[in-house]
Amino acid sequence: MSQSQLEPPFVPLAFERLAPEQMLARARAWREELAHRRSVRHFAPDPLPEGLLEECLLAAGSAPSGAHRQPWTFVVVRDAELKRRIRLAAEEEERKLYTERISDEWREALAPLGTDANKPFLEIAPALIVVFRRAHELEDGQKRTNYYTQESVGLACGFLLAALHHAGLASLTHTPSPMAFLSELLERPDNERPFLLIPVGYPAAGCEVPNLRRKVLNEITVWR
Ligand SMILES: Cc1cc2nc3c(=O)[nH]c(=O)nc-3n(C[C@H](O)[C@H](O)[C@H](O)COP(=O)(O)O)c2cc1C
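A short tour of the structure in this document, coming up. These numbers were taken from a predicted model, which means no experiment stands behind them.

1. Points about the sheet that holds strand β1 (residues 72-77)
The strand order β1-β2-β6-β5 describes an open sheet built from four strands, whose pairing is antiparallel. With partners counted over all chains shown, the strands left at the sheet margins are β1 and β5 (170-171), one partner each. Two elements, β1 and strand β2 (residues 127-134), share six bridges in a ladder whose sense is antiparallel. Paired with Val-77 across the bridge in β2 is Leu-128. Running over the sheet, helix α4 (residues 80-101) touches β1, β2 and β6 (192-201) and is turned about 110° from β1. Against the sheet, helix α7 (residues 149-166) engages β1, β2, β5 and β6, with an angle of about 10° to β6.

2. Focus: the pattern of salt bridges
Here the structure, examined in full by the defined rule, presents 11 salt bridges. With its nearest N and O atoms 4.0 Å apart, the salt bridge here joins Lys-96 to Glu-93. Linking Lys-96 with Glu-93, this pair stays in helix α4, spanning three residues, or about one helical turn. Residue Lys-96 is classed as partly exposed on the basis of its relative accessible area, which comes to 29%. Residue classification places Glu-93 among the buried positions, given a relative accessible area of 16%.

3. Side note on the side chain of Ser-183
As for its placement among the helices and strands, Ser-183 is situated in helix α8 (residues 180-185). The exposure class assigned to Ser-183 is buried, which follows from its relative accessible area of 17%.

4. Describing the environment of Arg-224
Of note, Arg-224 is situated in the segment after α9 (217-220). Each C-alpha atom of the pair Arg-224 and Ala-80 lies 53 Å from the other, and the pair is 144 residues apart in sequence.

5. A few points about the nonpolar core
Grouped together as the largest cluster of nonpolar side chains are 23 residues, with contacts concentrated most on Leu-53, Phe-74, Ile-129, Leu-160 and Ile-198. Taken together, the elements giving at least two residues each to this core come down to α3 (52-60), β1, β2, α7 and β6. In terms of residues, this core owes the most to one element, α7, which gives seven residues. Beyond its immediate sequence surroundings of up to four residues, Ile-129 is in contact with Leu-53, Leu-57, Phe-74, Val-75, Leu-160, Leu-196, Leu-197, Ile-198 and Val-200.

6. Things to note about the site of the ligand
All residues in the neighbourhood of the ligand are listed as Arg-37, Arg-38, Ser-39, Arg-41, Leu-113, Thr-115, Leu-172, Thr-173, His-174, Thr-175, Leu-212 and Arg-214. Between an oxygen atom of the ligand and a side-chain N or O atom of Arg-37, the distance comes to 3.0 Å. Taking Arg-214, its side chain carries an N or O atom lying 2.8 Å from an oxygen atom of the ligand. Among the residues making up the shell around the ligand, the classes are represented as three nonpolar, five polar and four charged.

7. What to know about the layout of surface pockets
To find the voids left in a structure, one rolls a probe of water-molecule size over its atoms. Considered as a void within the structure, the largest pocket measures approximately 270 Å³ in volume. If you trace the largest pocket, you find 15 residues lining it, with Glu-94, Leu-110, Thr-173, His-174 and Thr-175 closest to the centre. Element by element, the count of residues in the lining of the largest pocket is highest for α4, at three residues. By residue class, the composition of the lining of the largest pocket is seven nonpolar, five polar and three charged. The computed volume of the second largest pocket comes to approximately 230 Å³. Along the walls of the second largest pocket sit Ala-35, Arg-37, Arg-38, Ser-39, Arg-41, Leu-113, Pro-210, Leu-212, Arg-213 and Arg-214, which together make up its complete lining. Its residues assigned to classes, the lining of the second largest pocket comprises four nonpolar, one polar and five charged.

The rules behind these values
- Residues numbered from 1 in each chain as written.
- Predicted model: local features only at pLDDT ≥ 70, side-chain atom pairs only at ≥ 80, totals over all residues.
- Heavy atoms only, no water.
- Pairing = 2+ DSSP bridges.
- Helix = DSSP H or I, 4+ residues; strand = E, 2+ residues; numbered from the N terminus.
- Contact = heavy atoms within 4.5 Å.
- Axes fitted to C-alpha atoms, helices over the stretch in contact; angles between N-to-C directions.
- Salt bridge = Lys/Arg side-chain N within 4 Å of Asp/Glu carboxyl O.
- Buried < 20%, exposed > 50% of the residue type's maximum accessible area, 1.4 Å probe, protein only.
- Core = buried A, V, L, I, M, F, W, Y, C linked by side-chain atoms within 4.5 Å.
- Near = heavy atom within 4 Å.
- Polar contact = N/O pair within 3.5 Å; in protein donor to acceptor, adjacent residues only side chain to side chain.
- Nonpolar A, V, L, I, M, F, W, Y, C, P; charged D, E, K, R; others polar.
- 1 Å grid on protein atoms, 1.4 Å probe; cavity = no way out; pocket = protein on both sides within 12 Å on 5 of 7 lines; lining within 4 Å.
- Points joined across faces, edges and corners; volume = space filled by probe spheres on them.

Take a look at the structure:
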């Protein structure tokens, strides 16, 4: 029997319709939980509970994607020597960014974050999740297009950040620029492009974060 005979092309949707008050309570609780997510740049070296990243990565992999191509690869780096090499390469690029490539406008935008070219967290965080975008697939030597890969991988990363936060972990969305060194150090194939570098772990004791204001509802919505 072929695979298509074994698996029906459509299956019933698993969907539970909730009472309005329960929906509102869930929406509020989720909003409040997400409001506490912050980008963390000071990590403790403590190891992560067994199996936790796997759950969060599966949550990321449940994101919608253009034509269901699932155009993402998550490389989890825990090896100390590899993390050190990533830190050194990232800092080299970031030094050039902060001294040569950065515009005055960009420098001004980054000022409230207090960031600079030093990235010790890349070595200290117990895990780095390096997300790659699969521009296309290679099947039997033929190129197969993936669709809306930026949007799809962005969504998967959003799911991942929310899952990590929900699991009780801190993370940073990091984009050392440019990121080609990640393809080289992690020996990724030509069809994969580095997308984000996400250090994951527990915040260091006494960790501080920039005092940022988030836009309120009427600044981010238009209702018609
Ligand atoms: C696409 C993207 C790229 C980012 N790149 C960096 C980065 O390279 N370094 C860094 O320290 N933070 C980076 N951030 C984190 C932002 O600075 C942070 O999300 C923003 O200041 C809001 O803070 P919050 O995440 O704590 O709400 C990035 C965020 C996004 C979404």
